[in-house]
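Coordinate inspection notes
These are the residues of each chain, in order.
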Amino acid sequence: MRYRLVLGDITRLKVDAIVNAANRTLLGGGGVDGAIHRAAGPELRETCRRLGGCETGDAKMTPGFALPAAHVIHTVGPVWKGGGRDEEGLLASCYRNCLRLALENGLRSVAFPSISTGAYGFPVEKACRIALNEVAAFVDVHADAFDEIVFCCFSASDRDVYRVLMQELGLAF
Ligand code: ADP
């Protein structure tokens, strides 16, 4: 099992599943969600329509259609409202539920974007710490389940935040 830190477009990654930072409708939106829907093609929206939305903190899975990734795990991060509305707990639950779905479906490589840190306004360093802690805790308990977990950042400054915290937490990459 290895961690990989990538700077770039998550829609280009050939992994068992990429994670989508979706909204509760699951019908597509801006940011990474829009990029994933564009790259996957219209079948993704058709399939998502049948899922009936998704609660904040939860996750649902679809095929990847035209994406190089076999599956998309759609999760809905919390909108940052200052920290008093359990945003941290909800973000942690996004990461756990994504990995639980991957585990249940035998998916061995998963790539995460930085959930909630774009339009939803979650402070990046706080979000990164939650992401790394939740993933590391899950991987510790399910030691043989995964080959690779990718953190895919979309800006060099986010990548630098992840790099420093990964080193601090001893997550070799
Ligand atoms: P949210 O609504 O959860 O904040 P956004 O899509 O607005 O979701 O942003 C989440 C993160 O995804 C941000 O760091 C943003 O820069 C990043 N992002 C946007 N497009 C892509 C992409 N194609 N690949 C990877 N990350 C992306």
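This is a predicted model, so every value here is computed, not measured. (Residues numbered from 1 in each chain as written. Predicted model: local features only at pLDDT ≥ 70, side-chain atom pairs only at ≥ 80, totals over all residues. Heavy atoms only, no water.)

1. A word on the layout of surface pockets
Taken as a whole, the largest pocket spans an internal volume of roughly 520 Å³. What lines the largest pocket is a set of 27 residues, and nearest its centre among them are A21, G31, V32, D33 and G118. Those elements that place two or more of their residues in the lining of the largest pocket are β2 (17–22), α1 (31–40) and β6 (148–153). In terms of residue count, α1 provides more of the lining of the largest pocket than any other element does, five residues in total. Of the residues in the lining of the largest pocket, the class split is twelve nonpolar, eleven polar and four charged. (1 Å grid on protein atoms, 1.4 Å probe; cavity = no way out; pocket = protein on both sides within 12 Å on 5 of 7 lines; lining within 4 Å. Points joined across faces, edges and corners; volume = space filled by probe spheres on them. Helix = DSSP H or I, 4+ residues; strand = E, 2+ residues; numbered from the N terminus. Nonpolar A, V, L, I, M, F, W, Y, C, P; charged D, E, K, R; others polar.)

2. A few points about helix α2 (residues 42–49)
Turning to α2, its buried residues are L44, T47 and C48. Buried residues of α2, viewed axially, fall in a sector of 100°; they line one side. Looking at the buried positions of α2, the neighbouring elements they touch are α1, β3 (59–63) and β4 (71–76). (Buried < 20%, exposed > 50% of the residue type's maximum accessible area, 1.4 Å probe, protein only. Arc of directions from axis to C-beta. Contact = heavy atoms within 4.5 Å.)

3. Description of the nonpolar core
With 37 residues, the main nonpolar core has Y3, F112, V135, F146, I149, F151 and Y162 as its most contacted residues. Of all the elements in the fold, those that place two or more residues in this core are β1 (2–7), β2, α3 (87–104), β5 (109–112), α4 (124–141), β6 and α5 (156–168). Ranked by residue count, the leading element in this core is α4, at nine residues. In contact with F112, other than residues within four places in its own chain, are I10, V19, Y95, C98, L99, V135, I149, V150, F151 and C152. Among the nonpolar cores identified, the runner-up in size contains 19 residues, and V6, V15, I18 and C152 belong to it. (Core = buried A, V, L, I, M, F, W, Y, C linked by side-chain atoms within 4.5 Å.)

4. Here we look at the site of the ligand
Inspection of the region around the ligand gives 15 residues, with D9, V32, S116, G118 and A119 positioned closest. In the environment of the ligand, an oxygen atom lies 2.8 Å from a nitrogen or oxygen atom belonging to the backbone of V32. Taking Y120, its main chain carries an N or O atom lying 3.0 Å from an oxygen atom of the ligand. In a pocket analysis with a 2 Å cut-off to the grid points, the ligand is assigned to the largest pocket. (Near = heavy atom within 4 Å. Polar contact = N/O pair within 3.5 Å; in protein donor to acceptor, adjacent residues only side chain to side chain. Sits in = over half its atoms within 2 Å of the grid points.)

5. Topic: unusual backbone geometry
A positive phi is found at D86, a non-glycine position, where the angle reads about 60°. Tracing the backbone shows D86 in the loop between β4 and α3. Using a relative accessible area of 48% as the deciding quantity, one classes D86 as partly exposed. Its identity as a non-glycine residue notwithstanding, S116 has a phi of 75°, on the positive side. Here S116 is to be found in the loop between β5 and α4. The class of S116 is buried, set by a relative accessible area of 5%.

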